[in-house]
Amino acid sequence: MAIGVTMYTFDIQLADVDRGVYEDLSVRVARHPSETDAFMLTRVLAYALEYEEGISFSEGISATDEPAVLVRDLTGALVAWIEVGAPDAARLHTGSLAGARVAVYTHRDPAKVAAPWAGKKIHRADEVKLYSFDPGFFDSATASLERRNTMTVSITERRLYLDLNGSSFESDLHATTAG
């Protein structure tokens, strides 16, 4: 018998000083058996760091035509295509054609994530943002994950302060472009 998804909950206090976004969020995340803790936490952080009206998670691994996180306006039009992990150039190209903004959040080495994109066709590649975190950040933070999580996410001057279930972590939020 196949193993099903595991549900996680996150009660998040978000204080994004850089964007002026302050929200209390309650998020349920379905973790597929093939998904690592680091990937799931990256998805949750991408959701928090990109939070705006109309944001949602896609159907996950089964949604091959959608990113991990997306933002739609009130008309249903795609505003932001937000990938997690190490998407290929074709997905970024598709996302850039479909939405006004594309971002990638990765828990991996950003140079290794971006290397396969070199020389590939990515629409508006110079506008596609690749966000990464300090080495070791996810190794430490994922050790604090539980099925029910309480998080405080604060970001100021591109410095991320994360309190996860009583444990504190920090990282710079590094940004480069795909182009």
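Please refer to the structure higher up on the page.
Residues numbered from 1 in each chain as written. Predicted model: local features only at pLDDT ≥ 70, side-chain atom pairs only at ≥ 80, totals over all residues. Heavy atoms only, no water.

What about helix H1 (residues 37-49)?
Between its first and last C-alpha, H1 extends 18 Å over 13 residues, near the 18 Å set by a 1.5 Å rise per residue. Within H1, eleven of the 13 residues are buried, leaving the element largely enclosed by the surrounding structure. (Helix = DSSP H or I, 4+ residues; strand = E, 2+ residues; numbered from the N terminus. Expected span 1.5 Å × (residues − 1). Buried < 20%, exposed > 50% of the residue type's maximum accessible area, 1.4 Å probe, protein only.)

Things to note about the nonpolar core
By size, the foremost hydrophobic cluster in this structure holds 42 residues, and its most contacted members are Phe 10, Leu 45 and Met 151. Non-local contacts of Phe 10, meaning those with residues more than four positions away in its chain, are made with Leu 25, Ser 26, Val 27, Val 29, Met 40, Val 44, Leu 145, Asn 149 and Met 151. Residues Leu 92, Val 113, Ile 122 and Ala 125 belong to the second largest nonpolar core, which totals 14 residues. (Core = buried A, V, L, I, M, F, W, Y, C linked by side-chain atoms within 4.5 Å. Contact = heavy atoms within 4.5 Å.)

Things to note about helix H2 (residues 89-98)
Here H2 has its buried residues at Ala 89, Leu 92, His 93, Gly 95 and Ser 96. Looking straight down H2, one finds its buried side chains confined to an arc of 165°; they lie on one side. Looking at the buried side of H2, the elements it contacts are strand S5 (78-84) and strand S6 (101-106). (Arc of directions from axis to C-beta.)

Overview of the pattern of salt bridges
In the structure shown here, the tally under the stated rule is twelve salt bridges. The partner of Asp 37 in a salt bridge is Arg 31, with the nearest N and O atoms 2.9 Å apart. When its relative accessible area of 28% is taken as the criterion, Asp 37 is described as partly exposed. For Arg 31, a relative accessible area of 18% puts it in the buried group. The closest approach of N and O atoms between Glu 83 and Arg 91, which form a salt bridge, is 2.9 Å. A relative accessible area of 4% places Glu 83 in the buried class. Here the salt bridges share partners, and the residues they tie into one network are Asp 134, Arg 159, Glu 170 and Asp 172. (Salt bridge = Lys/Arg side-chain N within 4 Å of Asp/Glu carboxyl O.)

Looking at the pairing of strand S4 (residues 69-72)
Moving residue by residue along a regular strand, the side chains alternate between the two faces of the sheet. Across three bridges, strand S3 (residues 55-57) lies against S4 in antiparallel orientation. Bridge assignment links Phe 57 to a residue of S4, and that residue is Val 69. Bridge count for S4 against S5 is four bridges, and the pairing is antiparallel. Following the sheet pairing, Val 69 is matched in S5 by Ile 82. (Pairing = 2+ DSSP bridges.)

Topic: the side chain of Arg 43
Relative to the assigned elements, Arg 43 resides in helix H1. With residues near it in sequence (within four places) discarded, Arg 43 still touches Val 29, Ala 30, Arg 31, Glu 35, Phe 57, Ala 68, Val 69 and Val 84.

Some remarks on the sheet that holds strand S1 (residues 6-16)
Taking strand neighbours across the sheet as the criterion, the five strands line up as S2-S1-S8-S9-S10 in an open arrangement whose pairing is mixed. Strands at the two margins of the open sheet, each flanked by one partner only, are strand S2 (21-31) and strand S10 (167-172). Ignoring which end each strand starts from, the neighbouring axes of this sheet average 20° apart. Where S1 and strand S8 (residues 148-156) come together, eight bridges link them in parallel fashion. Counted as the bridge partner of Gln 13 is Thr 152 from S8. Here H1 sits on the sheet and contacts S1, S2, S8 and strand S9 (159-164); the angle it forms with S2, its principal contact strand, is near 150°. (Axes fitted to C-alpha atoms, helices over the stretch in contact; angles between N-to-C directions.)

Digging into the pairing of S6
For S6, the tally of buried residues reaches five of six residues, placing the bulk of the element in the interior. Sheet topology note: the S5/S6 ladder contains five bridges and is parallel. By the bridge assignment, Val 84 is partnered in S6 with Tyr 105. Handedness of the crossover is the feature at issue here: the chain leaves S5, passes through H2, returns alongside S6, and the resulting connection is right-handed. (Right-handed = clockwise from strand over helix to strand, strands pointing away.)

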